[in-house]
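Each chain, letter by letter, is given below.
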Amino acid sequence: MTGPKKVAAIHDISGVGRCSLTVIIPVLSVMGVQVCPVPTAVLSAHTGYGEFVMRDLTDFIPAALDHYKRLGLEFDCIYSGFLASSEQIDHCLDFFAAFPKALKVVDPVMGDNGENYKTYTPELCRRMSELTAVADIITPNLTEAAILLGEKFPEGTVDSAMMRSWLVRLSQKGPRIVVITSVPVSGSGICTVGYDKSKNSFWKIAGEYVPISYSGSGDMFTSILIGGILGGDSLPIAMDRAASFTQSAVKTTYSYGTDWTDGIMFEPQLHRLKADRELSDYTNL
Ligand code: PXL
C-alpha cells in the first residue's frame, strides 16, 4: 500500500570503478527500493586509482537536508558511506536526527586490507565512531572494525571467539546489529560475521577465498543487506543473500581477469536480485 521503501544514500559518486552510488542505485532499485542519493563528493574515479579528480560536496548535504525537511519527506532508511570531510560527520548526524523513524545504517568506509583510503584523514577516522554510535546497523570490513576498536589489523586468520568478542564490543558502542565483512576465520574461508544485540544471536556466512579484492564489494554487500532487511528478511537470511550474490559476482569478475580497480562486474547478474515477478498486469477502469 505504501509503494517502494525509500532510502537516503549519503555516499560519493565515482565515475569509474563501480563503487558507492553507481553500485547502490542499481542494486537497491532492482530489489524494489527507491534510492534518493545525497552525494558527498563527485570523483572521476574512486581513490584506488591513485590519481583522480574530486569535488567535495560538504556544503550540499545540509542544504539538501533543509530542502527535504521543508518538503516534509520521510525516509525508511538513511544509509551513509564514503565521506569527503570530517564536517560531513556532523551533517550525517543531522540527517539521522531529522528522521528518527528511519533505519540508520552506517557503512564506516575508511579502508581495506589493513590500509586507509587515500582521502581518509586521522580526524575523519576518529570521528567515524560518532556516527557508528547512533546507527542501528553498521557494516565495517575487518580493517574498519579494527580502526573502530583501536585494535591492530589482524594478520592471518582469526578465530570465532575473537570475532564474537569484536562484534559484542562494537555493538556496546551503540548499534543493535553489527556485521563484519572480509573476515578470514580459521577453517572457514572468507566469512561475513554478524551479531544482533537484541537477540544475543551470532551468525556466520562462510565464503570462498578469491585472490583479489574488488572496489565496491562493501557497497554491494551492504546495499543487498539493506534491501533484504527492508523487505522483511531476518538478519542471517539478509546476510546470506548479500554474501552469496556478492561472492558469485566476484567469481564472475575474477574469471574475466579485469583489474581490481574496475570493480565487480555485476551487470550480467543483477537481475538475480529481482523480486520474483513483475506486478504490472492491470489497466485503468
Ligand atoms: O567502496 C568504497 C569507496 C567508496 N568511494 C570511494 C572510494 C572507495 C574505496 O576505495 O575510493 C571514492
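Reference entry: report on the structure contained in this document. These numbers were taken from a predicted model, which means no experiment stands behind them.

The rules behind these values
- Residues numbered from 1 in each chain as written.
- Predicted model: local features only at pLDDT ≥ 70, side-chain atom pairs only at ≥ 80, totals over all residues.
- Heavy atoms only, no water.
- Helix = DSSP H or I, 4+ residues; strand = E, 2+ residues; numbered from the N terminus.
- Contact = heavy atoms within 4.5 Å.
- Areas by Shrake-Rupley, 256 points an atom, 1.4 Å probe, with all protein chains shown as cover.
- Pairing = 2+ DSSP bridges.
- Axes fitted to C-alpha atoms, helices over the stretch in contact; angles between N-to-C directions.
- Phe/Tyr/Trp six-rings, centres within 6.5 Å; stacked < 30°, edge-to-face > 60°.
- Buried < 20%, exposed > 50% of the residue type's maximum accessible area, 1.4 Å probe, protein only.
- Core = buried A, V, L, I, M, F, W, Y, C linked by side-chain atoms within 4.5 Å.

1. Some words on the overall build of the protein
- When helices and strands are tallied, the protein shows eight helices and 11 strands.
- Each principal axis of the C-alpha distribution contributes one length, and for the protein these read about 60 × 45 × 45 Å.
- Restricting the contact set of the protein to residue pairs at least 6 apart, pairs at least 24 apart contribute 68%.
- Put simply, the protein shows about 13300 Å² of open surface, and 53% of that area lies on carbon and sulfur atoms.

2. Considering the sheet that holds strand β9 (residues 177–184)
- With respect to topology, nine strands assemble into an open sheet ordered β3-β2-β1-β4-β5-β8-β9-β10-β11, the strand pairing being mixed. The sheet is open, and its two borders are formed by β3 (54–56) and β11 (201–207), each paired with just one other strand.
- In terms of strand pairing, strand β2 (residues 34–45) meets β3 through three bridges, oriented antiparallel. Along β3, the bridge assignment pairs Val42 with Arg55.
- Relative to the sheet, helix α3 (residues 87–98) contacts β1 (6–16), β2, β3, β4 (77–80) and β5 (103–106), its axis offset from that of β4 by approximately 170 degrees.

3. Side note on the packing of aromatic side chains
- Counted under the stated rule, the structure contains seven aromatic pairs.
- Ring plane angle 70 degrees and centroid distance 5.5 Å describe the contact between Phe82 and Tyr120, whose orientation is recorded as edge-to-face. Linking Phe82 in the loop between β4 and α3 with Tyr120 in the loop between β7 (115–116) and α4 (122–134), this pair joins segments that are 38 residues apart in sequence. For the residue pair Phe82 and Tyr120, the accessibility class agrees, reading buried in each case.
- Look at Phe95 and Phe99: their rings are 5.9 Å apart centre to centre, the planes differ by 40 degrees, and that puts the pair in the tilted class.

4. Details of the nonpolar core
- Counting 48 residues, the largest nonpolar core has Ile78, Phe95, Tyr120 and Ile180 as its most contacted members.
- Examining the composition of this core, we find that five residues originate from one element, helix α5 (residues 142–149), more than from any other.
- By size, the runner-up hydrophobic cluster in this structure holds 40 residues, among which are Val7, Val30, Cys77 and Tyr79.

5. Some remarks on the pairing of β9
- Extensive coverage of β9 is indicated by the burial of seven of its eight residues.
- Where strand β8 (residues 137–138) and β9 come together, two bridges link them in parallel fashion. Each residue of the ladder has a partner; that of Ile138, found in β9, is Val178.
- Relative to strand β10 (residues 190–196), β9 runs antiparallel, the two being bridged by six bridges. Within the sheet, the bridge partner assigned to Val179 lies in β10 and is Gly194.
- Taking the residues that link successive antiparallel strands as the turn, the β9-β10 hairpin has five residues, and the phi of Gly187 there is positive, at about 80 degrees.

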